[in-house]
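Each chain is listed here by its residues.
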Amino acid sequence: MKFNQIYHKFLKDKVSLVALFVLVLLYVLILFADFFAIYPSTYANRKVAYCPPSNIYILDKNNHFKKPYTYNYVKTFNPTTFSIEYKQDRSKKYKINFFAKGFEYKILGFIKCNRHLIVPSDGADLFLLGSDINGHCVYSRLFYGGQISLTIGFIALLISFPIGALYGGISGYLGGNIDKVLMRIAEAIMSIPSFYLLIILASILPSNMTSIQRFLLITIILAAIGWAGFSRVVRGMVLSIKNQEYIKAIETIGASKKRIIVKHILPQTSSYIIIALTLSVPSYILAESGLSFLGLGIQLPDASWGNMLREAQEFANIIYRPWLLTPGFLIFIAVLSFNVLGDKIRDILDPKTLK
């Protein structure tokens, strides 16, 4: 199918366009996380633990428009309910500045910059989505957490898909006893329960590893196992492709088996590979989130959507601090968008739907 046909078919589906827009927006936000974040990833103030979201005001007492401002919260103890409560200290206003100077960071890792979208005045505690038990700004950590949760899956895919495609291509093209042996090996690898393997690996890894190194290593190991199922599908496609006339013609002129597999057979599976890539990303997002939620993935003080959501497992936090559920909402949106996009790409590239 020509690119123009794919483009026009994709434009007709508004739901898929929304999913694509959401994913592009999410990745732009995490790419420039430091610009959008109010505080650095390491910022923590335990004096304002579980602080509710800050209220932003744009009207004064006379209902005249003013530059956005906020009030700090003051922690108090309620002797009746024996609980900690937060009340606004209206004795001092704190202005909220836009595109102003704040903490220094590097754009894309090498361009120094100190401009931020939102910068509170000195002394202000601005928590747009509240804070967690350690006094971290939930709003800021959503950007930093997304950098882990939304990108770590692609690392696994870059490992597993090339291995699976080449392995399945060789097995399907050579056939015979080689095919039988290679597929039995793949089936043996597929029988390994990945979730329990994750838990075992997480428990035996060295304790002096950083949480990011720890999870990257787990992801690489899982990717080295996850290629097996993908290779079986590629192998089935290759079995049907290798008997086509143009492959026979290429063999007749003396092309090597390596060239036939890499240059002529595997490219014919590209449609399936693109679809599988899109539909596989959500599983890795959920895997990272699940591991971090269980305390086996990214460790504090580093942020990921999974370990941020961990605090929301307590019923009291769900009832009284609903802002802690925000990472779960973003996980749901990201996974749903990837699935919608993947389904649409599958429909477009499926030969049965072509006219």
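This one's a predicted model, so the numbers in the text were calculated from it and none came from an experiment.

A.B. asks: Explain the sheet that holds strand β1 (residues 57-59) to me, please; I cannot follow it from the model alone.
C.D. replies: Whenever strands of a sheet pair, they do so through backbone hydrogen bonds, lying parallel or antiparallel. Here we have four strands laid out as an open sheet, ordered β1-β2-β3-β4, and antiparallel in their pairing. Looking at the sheet topology across the chains shown, the edges are occupied by β1 and β4 (111-120). Neighbour to neighbour, the strand axes of the sheet diverge by 40 degrees on average, direction disregarded. Sheet analysis places β1 next to strand β2 (residues 65-78), joined by two bridges and oriented antiparallel. Residue pairing in the sheet places tyrosine 57 in a bridge with tyrosine 69 of β2.

A.B. asks: Got a minute to help me understand the packing of aromatic side chains in this structure?
C.D. replies: When we look at a pair of aromatic rings, we describe it by the centre distance and by the angle of the planes. Summed over the entire model, instances satisfying the criterion amount to 14 aromatic pairs. Considering the side-chain rings of tyrosine 73 and tyrosine 86, the 6.3 Å spacing of their centres and the 85 degrees angle between planes classify their relative orientation as edge-to-face. Of the two residues, tyrosine 73 sits in strand β2 while tyrosine 86 sits in strand β3 (residues 83-107), which places them 13 residues apart along the sequence. Taken individually, tyrosine 73 and tyrosine 86 each receive the classification buried, so the pair is uniform in this respect. Between tyrosine 167 and tryptophan 227 the ring centres are 4.6 Å apart and the planes differ by 55 degrees, which places this aromatic pair in the tilted class. Here tyrosine 167, found in helix α5 (residues 152-174), pairs with tryptophan 227, found in helix α8 (residues 211-241); they are 60 residues apart in sequence, far enough to count as distant. Of the two residues, tyrosine 167 and tryptophan 227, both sit in the buried class.

A.B. asks: I keep staring at the environment of lysine 75 and nothing clicks. Help me out?
C.D. replies: Its place among the elements puts lysine 75 in strand β2. Under the relative-accessibility criterion, lysine 75 is labelled partly exposed at 39%. The spacing of lysine 75 and aspartate 89 is 14 residues in sequence and 9.7 Å in space, taken between C-alpha atoms. Here lysine 75 is in contact with Arg46, Lys47, Ile84, Glu85 and Tyr86, once residues within four sequence places are set aside.

A.B. asks: What exactly am I supposed to notice about unusual backbone geometry here?
C.D. replies: Among all residues except glycine, the phi angle is most often negative; among peptide bonds, the trans geometry is most common. The backbone of tyrosine 50 shows a phi angle near 55 degrees, a positive value even though the residue is not glycine. Note that tyrosine 50 resides in the loop between α3 (33-36) and β1.

A.B. asks: I tried to follow the nonpolar core on my own but got confused; where do I start?
C.D. replies: Nonpolar side chains in soluble globular proteins tend to end up buried together. If you look at the biggest cluster of nonpolar residues, it comprises 44 residues, and the most contacted ones within it are Leu150, Tyr173, Phe230, Ile265, Ile285 and Trp305. Among the elements that take part in this core, helix α14 (residues 326-349) stands out by supplying eight residues, more than any other. Look past the residues within four positions of leucine 150 in its chain and what remains in contact with it is Leu26, Tyr27, Ile30, Ile285, Trp305 and Ala334. By size, the runner-up hydrophobic cluster in this structure holds 17 residues, among which are Ala37, Ile38, Tyr39 and Tyr139.

A.B. asks: Please clarify how the confidence of the model for the protein should be interpreted in this entry.
C.D. replies: Chain-level pLDDT for the protein is 83 on average; 96% of the residues reach the 70-or-more range. Element-level pLDDT for the protein is lowest in helix α1 (residues 3-12), with a mean of 68, against a maximum mean of 92 in α3.

A.B. asks: Which parts of the structure should I look at to understand the state of the cysteines?
C.D. replies: Every disulfide links exactly two cysteines, by a covalent bond between their sulfur atoms. What the rule picks out here adds up to zero disulfides. Cysteine 51 takes part in no disulfide bond, and the closest cysteine sulfur, belonging to cysteine 137, lies 9.8 Å away. In this structure cysteine 51 comes out as buried when scored by relative accessible area, which is 2%. On the accessibility criterion, cysteine 137 (2% relative accessible area) is buried.

Procedures and definitions
- Residues numbered from 1 in each chain as written.
- Predicted model: local features only at pLDDT ≥ 70, side-chain atom pairs only at ≥ 80, totals over all residues.
- Heavy atoms only, no water.
- Pairing = 2+ DSSP bridges.
- Helix = DSSP H or I, 4+ residues; strand = E, 2+ residues; numbered from the N terminus.
- Axes fitted to C-alpha atoms, helices over the stretch in contact; angles between N-to-C directions.
- Phe/Tyr/Trp six-rings, centres within 6.5 Å; stacked < 30°, edge-to-face > 60°.
- Buried < 20%, exposed > 50% of the residue type's maximum accessible area, 1.4 Å probe, protein only.
- Contact = heavy atoms within 4.5 Å.
- Core = buried A, V, L, I, M, F, W, Y, C linked by side-chain atoms within 4.5 Å.
- pLDDT = per-residue confidence, 0-100.
- Disulfide = S-S within 2.5 Å.

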